[in-house]
Protein chains: 2
Amino acid sequence: MSFVPAEKLSVNDLNQHAVHADYAVRGSIPMRAEQLHAQIINDPGSLPFDKIITANIGNPQQVGQKPLTFIRQVLSILEYPNILNDPELLEKLVQLGVYQRDVIERARKMLDSIGGSVGAYSASQGVLGFRQTVADFINKRDGCKQLASPNDIFLTGGASSAVHYLLSILCSGPEFGVLIPIPQYPLYTATLTLSNSTAIPYYLKEHTSWSTNTKEIEINIKESMANGVKPVAIVIINPGNPTGAILSESDLADIIRISAKYGIAIIADEVYQENIFPGFEFHSMRKVLLNLQSEFPGTYDNVQLASLHSTSKGFIGECGQRGGYMELIGFKDEVIAIVLKLASISICSVVTGQALMDLVTCPPQPGDASYKLDQEERNKIKQDLMFRADRLYGLFTSLEGVECQRPQGAMYLFPKLILPDKAIEKALQLEIPPDEYYCRELLDATGICTVPGSGFGQDPGTYHLRTTFLVPGTEWIERWREFHQQFYERFS
Amino acid sequence: MSFVPAEKLSVNDLNQHAVHADYAVRGSIPMRAEQLHAQIINDPGSLPFDKIITANIGNPQQVGQKPLTFIRQVLSILEYPNILNDPELLEKLVQLGVYQRDVIERARKMLDSIGGSVGAYSASQGVLGFRQTVADFINKRDGCKQLASPNDIFLTGGASSAVHYLLSILCSGPEFGVLIPIPQYPLYTATLTLSNSTAIPYYLKEHTSWSTNTKEIEINIKESMANGVKPVAIVIINPGNPTGAILSESDLADIIRISAKYGIAIIADEVYQENIFPGFEFHSMRKVLLNLQSEFPGTYDNVQLASLHSTSKGFIGECGQRGGYMELIGFKDEVIAIVLKLASISICSVVTGQALMDLVTCPPQPGDASYKLDQEERNKIKQDLMFRADRLYGLFTSLEGVECQRPQGAMYLFPKLILPDKAIEKALQLEIPPDEYYCRELLDATGICTVPGSGFGQDPGTYHLRTTFLVPGTEWIERWREFHQQFYERFS
């Protein structure tokens, strides 16, 4: 066989939807931060800081948050269950304080549910016993008469893979639209770009704590339909990412009315539901829906809701373990069958992540040997989060040209930057969005890595950035103050 | 707001590519098996068997294969690393035999690579230290002068997610084609259906141990191009799934020539590379490629190869832990950047699964405390696999109307069924493929769950089934004999 070797594939030969998908959380600023991190290691002292402050991503354990002891003890046994066969050894391990007694009992029960080994594929929908635990958690959370069923729950690899399933099933071309809050978590637009479908933006109202506006959403729906794009779903992120804000019960009820009126499914991204600061309350979309259904019989029976949760957030912060669930409410059985088929093509989500979802939704109870320590650890994490959120909020409210909504929960603040005209001009010269310019300068001067508002979307002409309040210490917050003052002086 | 509630979404409103994707490994026969399993529990004694023999899926630990002790001890510490901070406790755990000393050292090293916690998201490409371990494994396996680099390796959630990334990037419409072996593992056609792209089948030659035929593949390519479908990749499954056959070095070289001539990327699914029976040899696509490149300088430099491996197969069988890797060779940097972006949208694969890939590619070495037991456990698994493969092969060669290629490796046999005309007629009456009818009757009579050849594709007019040789014991093999004889008597 003699031949002329052909050309290699170039970017132009690839799926252009993949080429054009954007994901700012790991975008240009974090990539620059990685380069600077390499520089710190290879050429110490060459930068004005000695480490990167990774405030760009909600990744608590990367920045030193300790995992909860109970959870990790159970997972440790699930990985090495041989010790359960030796009662004498177990007794010694309890005496040495390696495992608490309730940990051992819980691990046994979970292994029974799994069928013996976390190394076997589970059912594609997830381990039935764990789905029951999740259903119990939902029932306790919402206190509604109508009970959640394990049949409606899918265990997923984080919430990301649930989003992927849902959008893959609901959309397959530019004539399918999904209503996306702006600002949004960019997974949504990236996934829609990949499936060549249409994001229909609806704007959150910053001045009223990032609330929704039903009238505007209805206008968006009508305009979209007039343009030949059928809205099939609306995404709600509550508590908000990147906003950190919590939606009111009446905002949620309004969304449900829109869903009922237009036959649009609701995707409720509720992964931050456990990170709620005192004085604020989380209302699950499910609870608001079931209450409306019982108050107005027949009117809301057509609402289709997918509610997402995850092990990555909450106080647990087990991001790398990739646990999550979605509950599907009100969908036709024939639709759920397609979700199940899609899940089966990926075979199953990681079984330890499924186990973690069980542990997160059923923590130690009063009287259990692990209860006291577990509570202490949770309270410590919560206090640390609130402390840093307050400090950052204090920073932003004290800075010239920055406005910030009060922290309500989640892991983020999303301050508004009223940038000096000269800074905006400079950014335009560099052909990057002005808030990206601010974030880049902040990174270069202090090592603090954030994500510009342009990566999440924002009202045209406004600028923001997202920072987590996960990084320990307050020294970096002071450095930020110093940078900001110099930045504004430079461009005033 | 008063309104008429809209209709719910029906299957017709969904992405029709998702509706039409097929995945037989969890298809109609396994779903029927699940129903029968429920019947056994709810109504014991109502069926002629008391358990389901799950020979439909390569899921070793589901059917009782024990995990390797070394691997699970390390993972156990990764989940609960607190014990590493207490030297006295560690010493006691070593004395109690809970952990070997090399296990503790390995866990420490891996936690350093990870940055401290498996609960943090890793880099999207995977933990760098683990990718280096994988590169070392590849270098040792292939013994080539050109070294593998961690920069070319992506840690993935099993091989399934690597397939998903690759096909998502390479294909986005019916004008993109991927050459798929027939019979094939149905993940490939399912994923292509989801992305609305074209599978270009090429047939393996059963009578020569499922070898490839270059001339036919070239004809397929030319016909496809004439039909307006551009072949962008060719999938090779070696060792084969469902065939269990190993491709020869010259077959692989032929595929590489085709790749070079037509600029078609190679996706080498090599997840069964460690399950090779004595007398057979596995040649990695990479080794064959690098050898060709050094033998004929310049001619094969354009070849683009993605090689996939997994923690699910081999002797390890850790399916539920979802570890895997892909190595990308010869792709342009701009293409690799798109793969990385896609990986970053999913954030990262499960970190314990990444750790497992490290452990699988670097097992205990002679002199390590865990070495002896690890070798014993591996040999036991290997012997059990070979024993059952032989017994099943013996069954199939002794049965009327069955032909079977000699087992070479992997986990499967794919016997050919020469079905009685009356059985074929019966199946046609029931409007199901004849081999699906055989598998259904086998399941209903014996509880043995297999997958019909029609789920993998096969030469038109031929019938097959895939069975794993993982299920312990031989009693089920005898029951199969009995069923088969009665089936043939019934229809003769």
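The rules behind each value
- Residues numbered from 1 in each chain as written.
- Chains lettered and ligands numbered in written order.
- Predicted model: local features only at pLDDT ≥ 70, side-chain atom pairs only at ≥ 80, totals over all residues.
- Heavy atoms only, no water.
- UniProt positions renumbered as here; feature names shortened; annotations may be inferred.
- Core = buried A, V, L, I, M, F, W, Y, C linked by side-chain atoms within 4.5 Å.
- Buried < 20%, exposed > 50% of the residue type's maximum accessible area, 1.4 Å probe, protein only.
- Contact = heavy atoms within 4.5 Å.
- Salt bridge = Lys/Arg side-chain N within 4 Å of Asp/Glu carboxyl O.
- Polar contact = N/O pair within 3.5 Å; in protein donor to acceptor, adjacent residues only side chain to side chain.
- Helix = DSSP H or I, 4+ residues; strand = E, 2+ residues; numbered from the N terminus.
- Axes fitted to C-alpha atoms, helices over the stretch in contact; angles between N-to-C directions.
- Parallel < 35°, antiparallel > 145°, perpendicular 65-115°, else oblique.
- Left-handed = near helix turned anticlockwise from the far one by under 90°.
- Nonpolar A, V, L, I, M, F, W, Y, C, P; charged D, E, K, R; others polar.
- Pairing = 2+ DSSP bridges.
- Domains from an automatic or database assignment.
- Buried area = accessible area lost by both parts, 1.4 Å probe.

Under an unreviewed UniProt entry, the name given to chain A is Glutamate pyruvate transaminase, and the source organism is Vanderwaltozyma polyspora. Listed under Sequence similarities (unreviewed entry) in UniProt, the entry text for chain A is "Belongs to the class-I pyridoxal-phosphate-dependent aminotransferase family. Alanine aminotransferase subfamily." Looking at the Subunit (unreviewed entry) heading of the UniProt record, one finds this comment for chain A: "Homodimer."

**Notes on the nonpolar core**
By size, the foremost hydrophobic cluster in this structure holds 353 residues, and its most contacted members are A:Ile266, A:Tyr438, A:Trp480, B:Tyr99, B:Ile266, B:Tyr438 and B:Trp480. Apart from the residues lying within four places of it in its own chain, the contact partners of A:Ile266 are A:Ile234, A:Ile236, A:Ile255, A:Ile256, A:Ser259, A:Met285, A:Val303, A:Gln304, A:Leu305 and A:Ala306.

**A word on the interface of chain A and chain B**
At the interface, 103 residues of chain A touch 103 residues of chain B. Put simply, A:Arg72 and B:Glu79 hold a salt bridge, and the shortest N to O gap is 3.9 Å. There are 47 residue pairs in polar contact (both at pLDDT 80 or more) connecting chain A and chain B.

**Details of unusual backbone geometry**
All names here are of chain B. Looking along the chain, the bond that leaves Ile182 and enters Pro183 is cis, with omega of 5°. Take Pro183: it is sitting in the loop between β3 (176-182) and α8 (187-194). In this model, Asn238 is joined to Pro239 through a cis peptide bond whose omega is -10°. On the secondary structure map, Pro239 appears in the loop between β5 (230-237) and α10 (249-262).

**Points about the packing of helix α2 (residues 28-42) of chain A against helix α16 (residues 434-446) of chain A**
Residue and element names in this part refer to chain A. Interhelical geometry of α2 versus α16 gives an angle of 15° and a closest axis separation of 10 Å. In terms of orientation, α2 and α16 fall into the roughly parallel class. Crossing geometry of α2 relative to α16 is assigned as right-handed. Facing α2, whose interface residues are Ser28, Ile29, Arg32, Ala33 and Leu36, α16 presents Glu436, Cys439, Arg440, Leu443 and Asp444. Of the residues assigned to the contact of α2 with α16, the class counts are 5 nonpolar, 1 polar and 4 charged.

**A word on the pairing of β3(B)**
All names here are of chain B. Of all 7 residues in β3, 7 are buried, a share of seventy percent or more. Alternating residues of β3 divide into Phe176, Val178, Ile180 and Ile182 and Gly177, Leu179 and Pro181, and every residue in both groups is buried. Here β3 pairs with β5 via 4 bridges, running parallel. The residue bridging Val178 from the neighbouring strand is Ala233, located in β5.

**Points about the environment of A:Phe456**
Residue and element names in this part refer to chain A. Note on placement: Phe456 falls in the loop between β13 (451-452) and β14 (463-468). Note on Phe456: relative accessible area 1%, which makes it buried. For Phe456 and Ile182, which are 274 residues apart along the polypeptide, the C-alpha to C-alpha distance reads 6.9 Å. When residues no more than four places from it in sequence are discounted, the contact partners of Phe456 are Val25, Ile182, Pro183, Gln184, Tyr185, Pro186, Asn241, Pro242, Phe414, Val451 and Arg466.

**Notes on the UniProt feature "domain: Aminotransferase class I/classII large" (unreviewed entry) in chain A**
UniProt feature "domain: Aminotransferase class I/classII large" (unreviewed entry): in the numbering of this structure it lies at residues 101-469 of chain A. Taken end to end, residues 101-469 of chain A comprises 44% helix and 16% strand; its first and last C-alpha atoms sit 35 Å apart.

**Overview of the sheet that holds strand β7 (residues 305-310) of chain B**
All names here are of chain B. Pairing in this open sheet of 7 strands is mixed, and the strands run β2-β8-β7-β6-β5-β3-β4 from one edge to the other. Single-partner strands in this sheet number two, and they are β2 (153-156) and β4 (198-203). Pairwise comparison of adjacent strand axes, ignoring direction, gives a mean angle of 20° for this sheet. Bridge count for β3 against β4 is 6 bridges, and the pairing is parallel. Paired with Ile180 across the strands is Pro201, a residue of β4. Against the sheet, helix α6 (residues 128-142) contacts β2, β7 and β8 (324-329), and its axis sits at roughly 115° relative to β2.

**Some words on the pattern of salt bridges**
Per the stated rule, a full pass over the model turns up 38 salt bridges over all chains. Between A:Glu105 and A:Arg108 there is a salt bridge; the shortest N-O distance is 3.9 Å. Taken together, the positions of A:Glu105 and A:Arg108, both in helix α5 (residues 101-114) and 3 residues apart, correspond to about one turn of that helix. In this structure A:Arg108 comes out as partly exposed when scored by relative accessible area, which is 33%. The partner of B:Arg101 in a salt bridge is B:Glu91, with the nearest N and O atoms 3.0 Å apart. Here B:Arg101, found in helix α5 (residues 101-114), pairs with B:Glu91, found in helix α4 (residues 87-95); they are 10 residues apart in sequence, far enough to count as distant. A residue is classified by how much of its surface remains accessible, and B:Arg101, at 46% relative accessible area, is partly exposed. One network of salt bridges, with partners in common, ties together A:Arg141, A:Asp142, A:Arg286 and A:Glu327.

**Points about the sheet that holds strand β8 (residues 324-329) of chain A**
Residues and elements named next belong to chain A. Spatially, β2-β8-β7-β6-β5-β3-β4 is the arrangement adopted by the 7 strands of the open sheet, whose pairing is mixed. Edge positions in the sheet fall to β2 (153-156) and β4 (198-203), since each of these pairs with one other strand and no more. Recorded for the sheet is a direction-independent mean angle of 20° between the axes of neighbouring strands. Bridging between strand β7 (residues 305-310) and β8 involves 6 bridges; their strand directions are antiparallel.

**With respect to the domain arrangement of chain A**
Residue and element names in this part refer to chain A. Its domain assignment divides chain A into domain 1 (14-52 + 377-491) and domain 2 (122-361). Just the C-alpha atoms count here: the centres of domain 1 and domain 2 sit 28 Å apart. Facing 34 residues of domain 1, the contacting portion of domain 2 comprises 34 residues. For the pair domain 1 and domain 2, the summed buried surface comes to about 3,000 Å²; carbon and sulfur atoms form 61% of the total. Remark: the boundary between domain 1 and domain 2 carries 0 salt bridges.

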